[in-house]
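Chain by chain, the residues:
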Amino acid sequence: AREASLCLSLTRGELPEYNLTRAIAVAKIKSVETCVELCHRLKQEVGSYALMANTGFEHTDFLLCCKFAEGDSRILGQKIARDAFAEFGKKGRNDLKSLGWSSLETEACTRVAASVAQAVANGASKMRAWDGAWRDVYLLADGVCDRVMSETFSENKNLSAKL
């Protein structure tokens, strides 16, 4: 359904709707991060074999290029968190819960709001205050990514990579 929606938007020369754009960003983040993690874990399993030439492992650095090219995963995560934080500011907790928000998301937003308010009260700019709350910003991004993944793949609740 998402692919058909994207094709329709592109053939019409329109921007995709927000939920589709967010799902694409989440897919980019999750696919690259999962591949990087699994390759790292596989290298740990095979040991020195991963250091040998012509084993295929010499190409895994390409995944790092994917992480930082075509939308840096960290920047996409921050944009996702920023959008969620704006939504948090506009809606009440009950509204967000009815939209499927997890407690992790609302708690991260609450902590970011408190951090930003305190930093701004101490003279920091909003941007510096946001940067200072980076741990909760990334927790929020992870929470939103998990929610989007579970909404997209509701039939499969365990989407974590396993070896």
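Provided above is the structure to which this section pertains.
These numbers were taken from a predicted model, which means no experiment stands behind them.

Here we look at the environment of Phe57
Here Phe57 shows up in the loop between helix H2 (18-46) and helix H3 (61-68). Sequence-distant contacts of Phe57, defined by excluding residues within four places in its chain, comprise Leu42, Lys43, Val46, Tyr49 and Ala50.

Some points on a nonpolar patch on the surface
On the surface, Leu42, Val46, Tyr49 and Met52 cluster together into a nonpolar patch covering about 340 Å² of accessible area. By secondary structure assignment, the location of Tyr49 is in the loop between H2 and H3. By relative accessible area, Tyr49 is classed as partly exposed at 41%.

Considering the pattern of salt bridges
Counting across every chain of the model gives eight salt bridges. Taking the shortest distance from any N to any O, the salt bridge between Asp146 and Lys30 comes out at 3.1 Å. Of this pair, Asp146 sits in helix H8 (residues 134-152) while Lys30 sits in helix H2, and the two are 116 residues apart along the sequence. Note that Glu105 is salt-bridged to Arg147, the shortest N-O span being 2.8 Å. A residue pair is termed long-range when its members are at least 10 positions apart, and Glu105 in helix H6 (residues 103-121) and Arg147 in helix H8 qualify at 42 residues. Accessibility classification places Glu105 together with Arg147 in one group, the buried group.

With respect to H6
Owing to its 3.6 residues per turn, the α-helix brings residues three or four apart onto one side. For H6, built from 19 residues, the straight-helix expectation of 27 Å at 1.5 Å per residue is met to within 8% by its first-to-last C-alpha distance of 27 Å. Among all positions in H6, only Glu105, Thr106, Ala108, Cys109, Val112, Val116 and Ala119 are buried. Viewed end-on, H6 has its buried residues packed into an arc of 160°, placing them on one side of the element. More than 90 degrees from the buried face of H6, the exposed residues found are Gln118 and Ala121. At its buried positions, H6 is contacted by helix H4 (73-90), helix H5 (93-98), helix H7 (126-132) and H8. Immediately downstream of H6, the backbone of Gly123 shows phi near 100°, a positive value.

What to know about unusual backbone geometry
If you check the backbone angles, Asn54 has positive phi at about 60° while not being a glycine. Looking at where Asn54 falls in the secondary structure, it is placed in the loop between H2 and H3.

Quick look at the packing of H6 against H8
In the contact formed by H6 and H8, the axes pass within 9 Å of each other and the chain directions differ by 155°. Compared by their axis directions, H6 and H8 come out roughly antiparallel. Two packed elements cross with a definite hand, and for H6 against H8 that hand is left-handed. Facing Leu104, Glu105, Ala108, Cys109, Arg111 and Val112 of H6, the residues of H8 in contact are Asp136, Val137, Leu139, Leu140, Gly143, Val144 and Arg147.

Some remarks on the nonpolar core
One finds Ile80 and Leu140 to be the most contacted residues of the largest nonpolar core, which totals 26 residues. If you list the elements that add at least two residues to this core, you get H2, H4, H6, H7 and H8. Here this core takes seven residues from H8, the largest share from any one element. Apart from residues lying up to four places away in sequence, Ile80 is in contact with Arg22, Ala25, Val26, Ile29, Ala141, Val144 and Cys145.

Quick notes on the rules
- Residues numbered from 1 in each chain as written.
- Predicted model: local features only at pLDDT ≥ 70, side-chain atom pairs only at ≥ 80, totals over all residues.
- Heavy atoms only, no water.
- Helix = DSSP H or I, 4+ residues; strand = E, 2+ residues; numbered from the N terminus.
- Contact = heavy atoms within 4.5 Å.
- Patch = residues over 30% accessible without salt bridge, like charges linked within 9 Å, V, L, I, M, F, W, Y side chains within 5 Å.
- Areas by Shrake-Rupley, 256 points an atom, 1.4 Å probe, with all protein chains shown as cover.
- Salt bridge = Lys/Arg side-chain N within 4 Å of Asp/Glu carboxyl O.
- Buried < 20%, exposed > 50% of the residue type's maximum accessible area, 1.4 Å probe, protein only.
- Expected span 1.5 Å × (residues − 1).
- Arc of directions from axis to C-beta.
- Axes fitted to C-alpha atoms, helices over the stretch in contact; angles between N-to-C directions.
- Parallel < 35°, antiparallel > 145°, perpendicular 65-115°, else oblique.
- Left-handed = near helix turned anticlockwise from the far one by under 90°.
- Core = buried A, V, L, I, M, F, W, Y, C linked by side-chain atoms within 4.5 Å.

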